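# A structural walkthrough
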2 protein chains.
Amino acid sequence: MQRTNFGEMACSIARTLDVIGEPWSPLILRDVWVGMSRFDQLQADLGISRKVLTERLNHLVDQGVLERHPYDNRPRYEYRLTAKGVELVDLLMVMVGWGDKWLAGEAGPPVLYRHHACGEISHVDLRCAHCGEPMHAGDIDLLPGPGAAA
Amino acid sequence: MQRTNFGEMACSIARTLDVIGEPWSPLILRDVWVGMSRFDQLQADLGISRKVLTERLNHLVDQGVLERHPYDNRPRYEYRLTAKGVELVDLLMVMVGWGDKWLAGEAGPPVLYRHHACGEISHVDLRCAHCGEPMHAGDIDLLPGPGAAA
DNA sequence: CAATTGGGGTTCCTTTACGGAACTCATCGC
DNA sequence: GCGATGAGTTCCGTAAAGGAACCCCAATTG
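Every value quoted in this text rests on a predicted model; they were computed, and no experiment measured them. Along each chain, numbering runs from 1 in the same order as the chain's sequence is written. Chain A is the first chain written and ligand 1 is the first ligand written, with later ones labelled in order. Since the coordinates come from a predicted model, pLDDT governs what is reported: local features require at least 70, and pairs of side-chain atoms require 80 or more to be given and counted, while whole-chain, interface and lining totals use all residues.

### Re the overall build of chain A
The following threshold applies: By the criteria applied, helices consist of DSSP H or I runs no shorter than four residues and strands consist of E runs no shorter than two, each listed in order from the N terminus. In this scheme the burial state of a residue depends on its C-beta neighbours within 10 Å: 20 or more other such atoms mean buried, 12 or fewer mean exposed, and anything in between means partly exposed; the C-beta positions come from the backbone. Placing a C-beta atom from the backbone of each residue, one calls two residues in contact when those atoms lie within 7 Å.
Along chain A, the regular secondary structure elements total five helices and six strands. Along chain A, from the amino end to the carboxyl end, the secondary structure elements read α-α-α-α-β-β-α-β-β-β-β. Structurally, chain A occupies a C-alpha span of about 55 × 45 × 30 Å along its principal axes. A burial count over chain A gives 36% of its 150 residues as buried. Taking the intrachain contacts of chain A between residues at least 6 apart in sequence as the baseline, contacts between residues at least 24 apart amount to 34%.

### Notes on the relation of the copies chain A and chain B
Our working definition: For the least-squares superposition of copies, only C-alpha atoms count, and only for residues with pLDDT at least 70 in both.
Under the fitted operation, chain A is carried onto chain B by 0.0 Å of movement along the axis and a turn of 180°, and the coordinates agree to an RMSD of 0.1 Å. Between the two chains, the operation in question is that of a two-fold axis. Ranked by how close their C-alpha atoms come to the rotation axis, the residues of chain A are headed by A:Leu126, at 2.5 Å. Most of the interface of chain A is mirrored in chain B: 99% of its interface residues are interface residues there too.

### Describing the sheet that holds strand 3 (residues 111-115) of chain B
Rule in force here: DSSP bridges decide pairing: two strands pair if at least two such bridges lie between them.
The three strands are arranged 6(A)-3(B)-4(B) in an open sheet whose pairing can be described as antiparallel. Edge strands, defined here as strands with exactly one partner in the open sheet, are strand 6 (140-144) of chain A together with strand 4 (121-122) of chain B. One ladder, built from five bridges, connects strand 6 of chain A with strand 3 of chain B; its direction is antiparallel. Each bridged residue has a counterpart across the sheet, and for A:Ile140 the counterpart in strand 3 of chain B is B:His115.

### Examining the interface of chain A and chain B
Accessible area lost during the coming together of the parts is what is often quoted as the interface size. To keep it simple, the criterion reads: Residues were grouped as follows: Ala, Val, Leu, Ile, Met, Phe, Trp, Tyr, Cys and Pro as nonpolar; Asp, Glu, Lys and Arg as charged; and all remaining residues, including Gly, as polar.
Taken together, the contact between chain A and chain B spans 74 residues of the former and 74 residues of the latter. Going through the elements one at a time, helix 1 (12-20), helix 2 (25-33), helix 5 (83-103), strand 3 (111-115), strand 5 (124-128) and strand 6 of chain A are the ones with two or more residues in the side of chain A that touches chain B. No other element matches the 17 residues that helix 5 of chain A contributes to the side of chain A that touches chain B. Along the lines of polarity and charge, the residues of the side of chain A that touches chain B split into 46 nonpolar, 14 polar and 14 charged.

### Quick look at the pairing of strand 5 (residues 124-128) of chain B
Burial analysis of strand 5 of chain B places five of its five residues in the buried class, which makes it a mostly covered element. Of the two faces of strand 5 of chain B, the one carrying B:Val124, B:Leu126 and B:Cys128 and the one carrying B:Asp125 and B:Arg127 are both buried. When strand 5 of chain A meets strand 5 of chain B, the two strands line up antiparallel, connected through five bridges. When the bridges of strand 5 of chain B are listed, A:Asp125 appears paired with B:Arg127.

The structure is reproduced here in structure tokens:
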């Protein structure tokens, strides 16, 4: 398919896509997040080809998003989220929020979140890390940062 | 590529990927978000093949994420975000946040956000829509929802 | 009024990557 | 010793990305 390399672009969106933008990668993270951690489990749950699953897991491990943990004396491994990977779950949670709102249809959302702090069924909302007020597309100005392209 | 159809899965992540999971789609949304709206502009800025750009734009319009607006008497169009598309920008903002933190390196982030409400350079944080407390991977329990697979 | 330009796509061809099934390899438990 | 199990690898057919060339139409330009 001869895919363009997004990792070289001066854009954090493109760079993030270089890590998890390939087909299946977000779904693999989702499964690992909810506790599915072994090769055959993932393969069966996703219905992904074993070849592609191998490629994706290697890439995610290379990128420091997943870690391989031996769990037996044999060459058997579990995949776990690293700290870097755990923070990617934020992205998944936002995807879930958008998909629940715009794509779930009559049946409603497939999964609900209960928030530990308040005990309620809820979902995520984006806030400014500085002042705590809502922060969405129209609430910001974009400025060139230090890593901007020359 | 004979890609698996994510849209049929009972998972809001998979369904969202069905809308914007193909290569380039998030970058197209980014460009439209920052005001780049015409075919040739997008093509030149992204370096994407015209064929693929055509396919992606059609798909995003079909999915109700972008709208085509004529801007001349000739057949000339601008692409704009719909309400559904504007809310996808949340996803982009979270990707930026993660990429800035984990992938920007020495040079620092390529782009900065100034939040209108407080005037500060900031970034997004995920909060519970119900109680306003932080809401990340470890702060929730997952429960089956009404649209769960049988 | 013919020639050029520019936006917005098609068409065609080559290269890559996905899907699926079969196969390998090492180690247990029996 | 013998099948079962986990974790991959190999191989082939097909579909999708990349790239360049081409097309259509309206408005300038000379």
